[in-house]
Amino acid sequence: MTDTLQNDVLAALRDPGHRIPSAWLYDAHGSELFEAITRLPSYYPTRTEIGILDAHLPEIAAAIPANSLLVELGSGSSRKTVPLIDALHEPAGYVPLDISADYLADAAESLRARFPGLPVHPRVADFTADFDLPGELPAHASRLGFFPGSTIGNLDAEDARGLLQHCHGLLGPDSMFLIGIDLDKSADILIPAYDDPEGVTAAFNRNLLVRINRELNADFDPEGFRHEARYFETPPRIEMHLVCERTTTVHVGGERFELAAGESLHTETSHKYSLGAFTTLAAEAGWSVNNHWTDPQGRFAVLLMQATGSRYNPPVTPKPYRSHRP
Ligand code: AVI
């Protein structure tokens, strides 16, 4: 872990783009801060997605075959997973996939307690690399992938396509996939969602420097960096940056770097899609969108997709992608 963090931070400091994979935002404190973000008034995605699921779960569940095996990427916020399992018709089991063994064990235990008859097959899996399903799954159940939270947006298009292709291969030709995506919208709504007046997202972003100092014995001054959320139209996205307030010297892993005033570390990208753009991307990865549901303001969408064709073999090995924790 430390080696990989060090490699990523050194690579980012050597490269003029200074891009650090957003997965590193989620140490224990970063995960708590993200959880706090999901409850902020200006951060609309979480509550909007939950609202869509609350309003449409019976209809969504009716479109999914009975006895499906639910495979969740990220081991589940109970706010979304529990109602989905409740709504599905006789689910064959639940397979939470997560990079953190501890987080996964907690999620599996609470789901077993909540649904005593439901087989739960947790699996430690890193979406940033090749990952597999557990071996002991019921062979004949069709599979339902579940990837809520618009977490796919934290991957660039090539990596998002690679992940969806990989899921197509893992879940098989009869599978379906339920996914949440954040829709493109005006910067007036997006910027406060990623730069809230309470300063929680700024703390979340700066916590990365605290983590780097702690784990790599580095000497960033987190208060010397300003949190900035930047909106770009093409492709539509928000980028989080930490902007250096004044010329700074920093030491990491025995190396010395100079950052000029105004230079920034790019710590996260959050892509925003139109329904059309996401449908095209999904089709390139072997998924066709059967149905979608949005909120009344059209901010967020939940898409139900069906695997197209036979078991799909990606033409190229997907590049490693780094995303997030939740
Ligand atoms: C986890 N992910 C979908 C969040 C997002 O909206 O891109 C992470 C986040 N970063 C800042 N606020 C929330």
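Residues numbered from 1 in each chain as written. Predicted model: local features only at pLDDT ≥ 70, side-chain atom pairs only at ≥ 80, totals over all residues. Heavy atoms only, no water.

1. Overview of empty space enclosed by the protein
Right, so step 1: Applying the stated rule across the entire model yields one cavity of 30 Å³ or more.
Right, so step 2: There is about 30 Å³ of room inside the largest cavity.
Right, so step 3: If you trace the largest cavity, you find it lined by V71, L73, L97, F131, L133, C167, L170 and L171.
Right, so step 4: Of all the secondary structure elements, the ones that give two or more residues to the lining of the largest cavity are strand 1 (69-73) and helix 6 (157-171).
Right, so step 5: With three residues, the top contributor of residues to the lining of the largest cavity is helix 6.
Right, so step 6: In terms of residue class, the lining of the largest cavity is built from eight nonpolar, no polar and no charged. (1 Å grid on protein atoms, 1.4 Å probe; cavity = no way out; pocket = protein on both sides within 12 Å on 5 of 7 lines; lining within 4 Å. Points joined across faces, edges and corners; volume = space filled by probe spheres on them. Helix = DSSP H or I, 4+ residues; strand = E, 2+ residues; numbered from the N terminus. Nonpolar A, V, L, I, M, F, W, Y, C, P; charged D, E, K, R; others polar.)

2. Points about the pattern of salt bridges
Right, so step 1: What the rule picks out here adds up to 17 salt bridges.
Right, so step 2: Note that D182 and K272 form a salt bridge whose closest N and O atoms lie 2.7 Å from each other. Placement of D182 in strand 5 (residues 176-182) and of K272 in the loop between strand 10 (264-271) and helix 9 (275-284) is noted, with a sequence separation of 90 residues between them. When sorted by exposure, D182 lands in the same class as K272, which is buried.
Right, so step 3: Several salt bridges converge on common partners, so that one network encompasses D27, R211, R214 and E215. (Salt bridge = Lys/Arg side-chain N within 4 Å of Asp/Glu carboxyl O. Buried < 20%, exposed > 50% of the residue type's maximum accessible area, 1.4 Å probe, protein only.)

3. Let's talk about the site of the ligand
Right, so step 1: What surrounds the ligand is a group of 14 residues, the closest being Y43, N154, Y194, E268 and S270.
Right, so step 2: Side-chain polar atom of E268 to a nitrogen atom of the ligand: 2.7 Å apart, as the coordinates give it.
Right, so step 3: S270 places a polar side-chain atom, nitrogen or oxygen, 2.7 Å from an oxygen atom of the ligand.
Right, so step 4: Calculation on the ligand without its partners gives an accessible area of 340 Å², and the protein chains cover 99% of this total. (Near = heavy atom within 4 Å. Polar contact = N/O pair within 3.5 Å; in protein donor to acceptor, adjacent residues only side chain to side chain. Areas by Shrake-Rupley, 256 points an atom, 1.4 Å probe, with all protein chains shown as cover.)

4. Comments concerning the packing of helix 2 (residues 28-37) against helix 8 (residues 200-216)
Right, so step 1: Between helix 2 and helix 8, the least distance of the axes is 9 Å, while the angle of their chain directions is 160°. On the basis of the axis angle, helix 2 is roughly antiparallel to helix 8. The element helix 2 and its partner helix 8 pack so that their crossing is left-handed. Contacts from H29, G30, L33, F34, A36 and I37 of helix 2 reach helix 8 at V200, T201, A203, F204 and N207.
Right, so step 2: Tallied by class, residues from the contact of helix 2 with helix 8 come to seven nonpolar, four polar and no charged. (Axes fitted to C-alpha atoms, helices over the stretch in contact; angles between N-to-C directions. Parallel < 35°, antiparallel > 145°, perpendicular 65-115°, else oblique. Left-handed = near helix turned anticlockwise from the far one by under 90°. Contact = heavy atoms within 4.5 Å.)

5. Description of the pairing of strand 4 (residues 143-147)
Right, so step 1: Strand 4 sits mainly inside the fold: five of its five residues count as buried.
Right, so step 2: Judged from the four bridges that link them, strand 1 and strand 4 form a sheet pairing that is parallel. When the bridges of strand 4 are listed, L69 appears paired with R143.
Right, so step 3: As judged from the four bridges shared by strand 4 and strand 5, these two strands associate in the parallel manner. Residue pairing in the sheet places F147 in a bridge with I179 of strand 5. (Pairing = 2+ DSSP bridges.)

6. Brief notes about the confidence of the model for the protein chain
Right, so step 1: Mean pLDDT over the protein chain works out to 92, with 94% of the residues at or above the 70 mark.
Right, so step 2: The low-confidence segment residues 311-326 (pLDDT under 50) makes 53 contacts with residues lying over four places distant or belonging to another chain. (pLDDT = per-residue confidence, 0-100.)

7. Remarks on the sheet that holds strand 1
Right, so step 1: Strand order across the open sheet formed by seven strands is 3-2-1-4-5-12-11, with mixed pairing between neighbours. Only two strands of the sheet have a single neighbouring strand rather than two, namely strand 3 (123-124) and strand 11 (287-294).
Right, so step 2: Along the sheet, helix 3 (residues 45-62) contacts strand 5, strand 11 and strand 12 (300-307); its crossing angle with strand 12, the most-contacted strand, is approximately 50°.
Right, so step 3: The strands touched by helix 5 (residues 101-114) are strand 2 (93-98) and strand 3; relative to strand 2, the strand with the most contacts, the crossing angle is about 160°.

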